[in-house]
Amino acid sequence: TSGVITDPTSEALIVEMDGRQPVMLFNYACHGVVMGGDNLSLSADWIGAAKAVIESSGKIGTAMFLQGCCGNINPRWRGSFDEVKHAGESVALPLLEALPGKPIDAPRIKVAWAEVDLPFMPLPPAEELEQEVTFRRTELKKAEAEGAPVVNLQIHRAMLGYATDALEMINSDGGPKSVRVGLQAISLGGLTLATLPGEAFCEYGLAFRKMTTDEVMPVGYANGNIGYIPTAEAYNEGGYEVNDAIRYYAVKMIGPESEQIILDAMKRLLAEVE
């Protein structure tokens, strides 16, 4: 769709060893959610389909996936295993066609690591949280009595748990003011993995690539997962990633200042390993 920002780059690193088939690390920025929440079959989604295509080509022994900055990116094809296969092929086939690729002439490993503190946003007012607790308790009892689908019960329980935990935090010391996260740059000599621990929006990967002359492979969910890492601009738009997702697995959400803190730190790391 016009105006939607995506990261169109798929990348791969092939490791060749004497007497063994090559191993491929491949990377792309897209959630593995071609199949939606109504799918009850175990599936590795498009990522598993891409891996199968790569490994059945006869050119690669083992393919391993490193997820890119996919926080705000979902597949364009949704809803069936035919679409899963199609989406997987759309990533795998261009990578296979690009083989053998560009060799790293002087491979060397350099690693840089930094810890940064990302500030939390304030919690909702206690009165609002108390209303949420009352509402969720009522709705949960009603849903249980009506035999509602399990997913509906899980949502009510998660929201009740969030509101209860947030109230306890407010009534004690207010909870932590920030969260410390680790960022990493791993250079192999011409290719650098830039990692951060969460579901970062794709704009982060695009920004990382502009910070160095090396090829950059952005890697999310690395060394932990603090949840969504939106851009500062996304906070003005709101939505699931900014407002709602954190309530399913934590209490406090990082604030919009986090973007610049991450970008500044990653720029220093990439310069250190270049």
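Here goes a summary of the coordinates provided. Not measured: the values here are computed from a predicted model.

Things to note about the sheet that holds strand E1 (residues 11–15)
Each strand in a sheet pairs with another by means of backbone hydrogen bonds, the pair being arranged parallel or else antiparallel.
Alright, step 1. Taken in spatial order, the three strands make up an open sheet running E1-E2-E3, and their pairing is mixed. A strand with exactly one partner marks an edge of an open sheet, and here the two such strands are E1 and strand E3 (62–67). Averaged over all neighbouring strand pairs, the angle between strand axes comes to 20°, with direction disregarded.
Alright, step 2. Bridge analysis of strand E2 (residues 23–28) against E3 gives six bridges, and the strand direction is parallel. In the sheet register, valine 23 faces E3, and the bridge partner there is threonine 62.

Side note on the pairing of strand E8 (residues 215–219)
Alright, step 1. With four of five residues buried, E8 lies mostly within the body of the structure.
Alright, step 2. As paired strands, strand E6 (residues 191–195) and E8 are joined by five bridges and run parallel to one another. Paired with alanine 194 across the bridge in E8 is proline 218.

Thoughts on the layout of surface pockets
Alright, step 1. In this structure, the largest pocket occupies an estimated 910 Å³ of space.
Alright, step 2. If you trace the largest pocket, you find 30 residues lining it, with Ala12, Leu13, Ile14, Lys102 and Ile104 closest to the centre.
Alright, step 3. Take the lining of the largest pocket: its biggest share by element is five residues, from E1.
Alright, step 4. In the lining of the largest pocket, the residues fall into 17 nonpolar, six polar and seven charged.
Alright, step 5. Counted as a void, the second largest pocket has a volume near 550 Å³.
Alright, step 6. Lining the second largest pocket we find 20 residues, and of these Thr6, Tyr28, Ile73, Asn74 and Arg76 sit closest to its centre.
Alright, step 7. When residues in the lining of the second largest pocket are grouped by element, the largest group, four residues, is from helix H2 (residues 81–97).
Alright, step 8. The class makeup of the residues in the lining of the second largest pocket is twelve nonpolar, six polar and two charged.

The rules behind these values
- Residues numbered from 1 in each chain as written.
- Predicted model: local features only at pLDDT ≥ 70, side-chain atom pairs only at ≥ 80, totals over all residues.
- Heavy atoms only, no water.
- Pairing = 2+ DSSP bridges.
- Helix = DSSP H or I, 4+ residues; strand = E, 2+ residues; numbered from the N terminus.
- Axes fitted to C-alpha atoms, helices over the stretch in contact; angles between N-to-C directions.
- Buried < 20%, exposed > 50% of the residue type's maximum accessible area, 1.4 Å probe, protein only.
- 1 Å grid on protein atoms, 1.4 Å probe; cavity = no way out; pocket = protein on both sides within 12 Å on 5 of 7 lines; lining within 4 Å.
- Points joined across faces, edges and corners; volume = space filled by probe spheres on them.
- Nonpolar A, V, L, I, M, F, W, Y, C, P; charged D, E, K, R; others polar.

Function cannot be read off these values alone, since they describe shape.
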